[in-house]
Amino acid sequence: MKKAILGIVALGLSILVVYTSLNSGATYANAAGVIGPWINDHFFFGRLSHDEVRALMGFGSKFIGHFCLFVLTGLFSYLFFVASLKRRTARILFFVYGAFLSSLGEIIQLFIAGRSPTVVDVFVNYGGYVLLPMIHGFYRSINPRPSR
């Protein structure tokens, strides 16, 4: 049951990654809305120009949309692979799936008006995907589980 839940969540997040790649560039350009002027007034005392506010909101949207979504996708994918397969196979499949999903999101953008794929985004996506499992692996290398 645990494997099925992890698999469904990982698959759902993967589908969400593909779905967010289908949004047009206008989604990020119009991200300022009400939040942008509020942040400008309260944190920058109204000193940012309209274009700077839009750039800040676009960065925030891309950061949340790319990096944070891939962090969650990587976490649940890793948990699913480790729960379902032998450890070595799970790790290999985890890294290959992450590279595929990171690249797929950018390849889709080739066919969407107003979007342009970048290699940097592939690395940002993949970095988010592997972040938590790599931290966990580093932690386990420093603090191995006690033998039972």
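Computed from a prediction, not measured in an experiment: that's the story for all the values here.

Reading the values: rules and limits
- Residues numbered from 1 in each chain as written.
- Predicted model: local features only at pLDDT ≥ 70, side-chain atom pairs only at ≥ 80, totals over all residues.
- Heavy atoms only, no water.
- Helix = DSSP H or I, 4+ residues; strand = E, 2+ residues; numbered from the N terminus.
- Contact = heavy atoms within 4.5 Å.
- Expected span 1.5 Å × (residues − 1).
- Buried < 20%, exposed > 50% of the residue type's maximum accessible area, 1.4 Å probe, protein only.
- Arc of directions from axis to C-beta.
- Axes fitted to C-alpha atoms, helices over the stretch in contact; angles between N-to-C directions.
- Parallel < 35°, antiparallel > 145°, perpendicular 65-115°, else oblique.
- Left-handed = near helix turned anticlockwise from the far one by under 90°.
- Nonpolar A, V, L, I, M, F, W, Y, C, P; charged D, E, K, R; others polar.

### Quick notes on the environment of Ser102
Along the polypeptide, Ser102 turns up in helix α5 (residues 87-108). Put simply, Ser102 and Gly74 are 28 residues apart on the chain and 11 Å apart in space, counted from C-alpha to C-alpha. In contact with Ser102, other than residues within four places in its own chain, are Phe70, Val122, Asn125 and Tyr126.

### Brief notes about helix α1 (residues 2-21)
Counted at 1.5 Å a residue, the expected span for α1 with its 20 residues is 28 Å, and the 29 Å between its end C-alpha atoms agrees. Taken residue by residue, α1 has Leu6, Gly7, Ala10, Leu13, Ser14, Val17 and Ser21 as its buried positions. The buried residues of α1 occupy an angular sector of 135° when projected down its axis, which confines them to one face. The exposed set on the far side of α1, more than 90 degrees from its buried face, consists of Ile8, Leu11, Ile15 and Tyr19.

### Section: the side chain of Glu106
Along the chain, Glu106 falls in helix α5. Apart from residues lying up to four places away in sequence, Glu106 is in contact with His66, Pro117, Thr118, Asp121, Val122 and Asn125.

### What about the packing of α1 against α5?
Between α1 and α5, the least distance of the axes is 8 Å, while the angle of their chain directions is 25°. Regarding the angle of α1 to α5, the classification is roughly parallel. Relative to α5, α1 is oriented so that their crossing is right-handed. Counted together, Ser14, Val17, Val18 and Ser21 of α1 and Tyr97, Leu101, Leu104, Gly105 and Ile108 of α5 form the full contact between these two elements. A class-by-class count of the residues in the contact of α1 with α5 yields six nonpolar, three polar and no charged.

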